[in-house]
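# Structural description and commentary
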Amino acid sequence: MKHNALTLSGPRVTEGCIRLPGSKSISNRALLLAALAEGTTRIDNLLVSDDTHWMLSALKQLGVSVQQVGQQYHVQGRAGFFAASQLAQVSLFLGNAGTAMRPLCAALAASSGSFELTGEPRMKERPIGPLVDALRELGADIRYLEEEGFPPLEINGSTLLSGQVSIDGSLSSQYISALLMILPLLEGQENTRLELTGDLVSLPYIDITLAMMREFGAQVEQLDERTFLIPPGQRYVSPGDYLVESDASSASYFLAAGAIAGQIRVEGVGSASLQGDKAFADVLARMGAEVTIEPHAIEVQAGPLQGGDFDLNAIPDAAMTIATLALFAQGTTCIRNIGNWRIKETDRLHAMATELRKVGAGVEEGEDWICITPPSSLQAATSIQHATIETYNDHRMAMCFALLAFDAAGVTILDPQCCEKTYPAFFHDFNQLTS
Ligand SMILES: O=C(O)C1=C[C@@H](OP(=O)(O)O)[C@@H](O)[C@H](O)C1
Ligand SMILES: C=C(OP(=O)(O)O)C(=O)O
């Protein structure tokens, strides 16, 4: 456990404009699709962070040529799945990047060669069984090396054939995205018919996947929310230049800052964005902030904030920012339908409840919900207390607790560099925009 700490003094105000780094979700999808595609893709605004580092280094180990040319990353596509030497196993370390582990598991199951996929200790506690089960339905040879249902995995790549396949989407949408991305490249005579089972979660991320598959030239038909039809024998084709949108989850910290204490404009994400987390701005508006949404920018101005009751299943990452924003709203804020917070970087429901209590908030926590009441709404004239916040190696815990800099108490954040998972310059940018 690292013990560096960063103290943010308060109270602060914020004013300004920021163009955020690239979306993690789009960056890792763009890298993989570019690697599988015919032709060279020149990617602009690729996120440079731990999660994209693990995808990039894995692709390079798999023989993909990626060159940095100025601000762009040039990925030379393979026009199909990967082909590793049959002589030696390729061992890939993927940190704690769900968006590297799940898609690479699927792509390598259909490639040739033998692979081991592993990661940080927490990655070994994050389930992958539903994806492995679906890939096995298609004929994949995948073995659990430690605990059944979890990484590390041994994958012996083989030709997977198109056909009928179903997948449980009740724990993570990433399994579905991972599977979808390989289906157009399968060989076979019949269309693949993919059925989603279970109570689906994080649905907007599946829309990102579908949109990007189409941007790379694939044909995929969605018959209804749970059924997809994908013709086999397709190729991804590089779109040439690919611009990664700014990260809408990263935007949530700055938009929330504007809602509490000033005025903020974020550029590179807006109503035209592929990312479901743009809907965070709608939650701010419902809580009382003044929000203007343009196709490629969002502006927020502070207003008196009111708590509320929100189902945030569609935006699980940005939902964490609502939990700390609740400290600045009148009354109680409940966030519901977020059960899969428990299987992300840490058990986020438990971590959030524990740390919010340290500043004096009233917190109730259920299996898939959390309700937060700020100290002043619990008892008049009671204020937020300064606390030292444990971040549990979870970048979003570090970033969303930065909002306490808008209270006179300020905050001390342990291990702030865990934000490198998706936003290495976060505290630098936060300090630039606040005073
Ligand atoms: O597909 C993606 O890029 C992601 C999907 C979401 O995960 P779940 O589907 O597991 O909720 C999200 O939390 C994660 O940060 C990125
Ligand atoms: C859940 C997250 O990451 P991952 O892609 O590793 O699932 C996240 O970034 O909040």
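Rules behind the numbers
Counting starts from 1 at the beginning of each chain's written sequence and moves along it residue by residue. For naming, the first written chain is A and the first written ligand is 1, with later ones following in the order written. The predicted nature of this model means local features are confined to residues of pLDDT at least 70 and side-chain atom pairs, given and counted, to a pLDDT of 80 or more, with totals for whole chains, interfaces and linings taken over all residues. With hydrogens and water excluded, all non-hydrogen atoms of the structure serve as input to the side-chain values. Here a helix means four or more residues in a row that DSSP labels H or I, a strand means two or more in a row labelled E, and each is numbered from the N terminus. Our radius of gyration is a C-alpha quantity, and the globule rule it is checked against amounts to 2.2 Å times the number of residues to the power 0.38. Each residue is assigned to one of three classes by its accessible area relative to the maximum for its type, calculated with a 1.4 Å probe on protein chains only: buried under 20%, partly exposed between the two thresholds, exposed over 50%. Accessible surface area values rest on a Shrake-Rupley calculation with a 1.4 Å probe, where residue burial reflects the displayed protein chains alone. Only the stretch in contact is used when a helix axis is fitted, and all axes are lines through C-alpha atoms; the angle between N-to-C directions ranges over 0 to 180 degrees. Left-handed describes a crossing whose near helix is turned anticlockwise from the far helix through less than a right angle; right-handed describes the clockwise counterpart. We call two residues in contact whenever any of their non-hydrogen atoms come within 4.5 Å of each other. Only Asp, Glu, Lys and Arg are considered charged in this grouping, and only Ala, Val, Leu, Ile, Met, Phe, Trp, Tyr, Cys and Pro are considered nonpolar; every other residue, Gly among them, is considered polar. UniProt positions are given in the numbering used here, feature names are shortened, and annotations may be inferred rather than shown by experiment. Centres within 6.5 Å are what make two rings of Phe, Tyr or Trp a pair, Trp counting through its six-membered ring; a difference in plane orientation under 30 degrees is then read as stacked, over 60 as edge-to-face, and the rest as tilted. Working rule: Lys NZ or Arg CZ, within 6 Å of ring centre, within 35 degrees of ring normal, means a charge sits over the ring. Here, any two strands with at least 2 DSSP bridges between them count as paired. The disulfide criterion used throughout: a pair of cysteine sulfur atoms within 2.5 Å. As used throughout, domain bounds are those supplied by an automatic or database domain assignment. A quick way to say it: buried area is the sum, across both parts, of accessible area lost when two parts are put together, with a 1.4 Å probe. Definition of a polar contact: a pair of N or O atoms within 3.5 Å, with one able to donate and the other able to accept a hydrogen when the atoms are protein atoms, and with sequence-neighbouring residues admitted only if both atoms are side-chain atoms.

Each helix and strand in the protein was counted, giving 13 helices and 23 strands. For a compact globule of 435 residues, the expected C-alpha radius of gyration is about 22 Å, and the protein comes in at 22 Å, within 12% of that figure. Projecting the C-alpha coordinates of the protein onto the three principal axes gives extents of approximately 70 × 45 × 45 Å. Out of the 435 residues in the protein, the part that is buried amounts to 60%. Only carbon and sulfur atoms are counted for the fraction: they give 47% of the accessible area of the protein, which is about 15,700 Å².

Okay, the packing of helix H1 (residues 24-36) against helix H6 (residues 204-215) next. Angle between the axes and distance between the axes are the two parameters that describe a pair of packed helices. Their axes nearest at 11 Å, the elements H1 and H6 cross at an angle of 35°. Between H1 and H6 the crossing geometry is right-handed. Counted together, Ser-25, Ile-26, Arg-29, Ala-30 and Leu-33 of H1 and Tyr-205, Ile-208, Thr-209, Met-212 and Met-213 of H6 form the full contact between these two elements. Class assignment of the residues belonging to the contact of H1 with H6 gives a composition of 7 nonpolar, 2 polar and 1 charged.

Next up on the list: the UniProt feature "binding site: phosphoenolpyruvate" (unreviewed entry) in the protein. What UniProt calls "binding site: phosphoenolpyruvate" (unreviewed entry) maps, in this numbering, to Lys-24, Gly-98, Arg-126, Gln-174, Arg-348, Arg-396 and Lys-421. In this structure, Lys-24 is in contact with Leu-47, Asp-51, Thr-99, Asp-247, Asp-317, Arg-396 and Thr-422, ignoring residues within four places of it in sequence. Relative to the helices and strands, Arg-348 is located in helix H10 (residues 348-358). A residue is classified by how much of its surface remains accessible, and Arg-348, at 0% relative accessible area, is buried. The residues touching Arg-348, leaving out its near neighbours within four places in the chain, are Asp-317, Met-320, Trp-341, Arg-342, Asp-394, His-395 and Arg-396.

Our next topic: the packing of aromatic side chains. Here the structure, examined in full by the defined rule, presents 9 aromatic pairs. Taken together, a centroid distance of 5.6 Å and an interplanar angle of 75° make the contact between Tyr-253 and Phe-426 edge-to-face. Within this pair, whereas Tyr-253 is found in helix H7 (residues 248-261), its partner Phe-426 is found in helix H13 (residues 426-433), the two being separated by 173 residues in sequence. Note on Tyr-253: relative accessible area 1%, which makes it buried. An angle of 75° between the planes, with centres 5.5 Å apart, marks the rings of Tyr-423 and Phe-426 as edge-to-face. Side by side, Tyr-423 and Phe-426 carry an identical accessibility label, which is buried. A connected cluster of aromatic rings, assembled from ring pairs, spans Tyr-253, Phe-254, Phe-406, Tyr-423, Phe-426, Phe-427 and Phe-430. Here the guanidinium or amino end of Arg-336 rests over the ring plane of Trp-369, the centre of that ring lying 5.8 Å away.

Before going further, it helps to spend a moment on the environment of Asp-168. The residue Asp-168 is located in strand S10 (residues 164-168) in this model. Here Asp-168 falls in the partly exposed class, since its relative accessible area comes to 32%. Taking the C-alpha atoms as reference points, Asp-168 and Ser-9, 159 residues apart in sequence, are found 45 Å from one another. Excluding anything up to four places from it in sequence, Asp-168 contacts Pro-130, Tyr-175, Thr-197 and Gly-198.

This part takes up the pairing of strand S13 (residues 227-230). Note that strand S11 (residues 192-197) and S13 share 4 bridges and pair antiparallel. Bridge pairing in S13 links Thr-192 to Ile-230. Bridging between strand S12 (residues 221-224) and S13 involves 3 bridges; their strand directions are antiparallel. Looking at the pairing, Glu-221 lines up with Leu-229 of S13. Adjacent in sequence and paired antiparallel, S12 and S13 are bridged by 2 residues.

This part is about the state of the cysteines. The final tally for this structure, using the stated rule, is 1 disulfide. Across the disulfide, Cys-334 is cross-linked to Cys-371 (sulfur-sulfur distance 2.1 Å). Every disulfide takes its handedness from the sign of the S-S torsion; for Cys-334 and Cys-371 that torsion is 110°, giving right-handed. Of this pair, Cys-334 sits in strand S19 (residues 333-336) while Cys-371 sits in strand S21 (residues 369-373), and the two are 37 residues apart along the sequence.

Attention shifts here to the sheet that holds S21. Across the sheet, 4 strands lie side by side as S18-S19-S21-S20; this open sheet has mixed pairing. This sheet does not close on itself; its edge strands, each paired only once, are strand S18 (309-311) and strand S20 (362-365). Strand-to-strand twist in this sheet, taken as the mean axis angle between neighbours without regard to direction, amounts to 15°. In this structure, S20 lies alongside S21, joined through 4 bridges in antiparallel fashion. From the neighbouring strand, Glu-364 faces S21, where its bridge partner is Cys-371. On the sheet, H10 packs against S20 and S21 and is oriented at approximately 165° with respect to S20.

Turning to the domain arrangement of the protein, a few remarks are in order. Assigned domains within the protein: domain 1 (5-21 + 245-433) and domain 2 (24-227). Distance from the C-alpha centre of domain 1 to the C-alpha centre of domain 2: 30 Å. Taken together, the 28 residues of domain 1 in the interface contact 25 residues of domain 2. Between domain 1 and domain 2 the total buried area reaches about 2,000 Å² when both faces are included, carbon and sulfur atoms providing 49% of it. Contact with domain 2 buries surface across domain 1, with Leu-274, Ile-343 and Lys-421 losing the most and accounting together for 32% of the total. Taken together, the connections running from domain 1 to domain 2 amount to 13 residue pairs in polar contact (both at pLDDT 80 or more).

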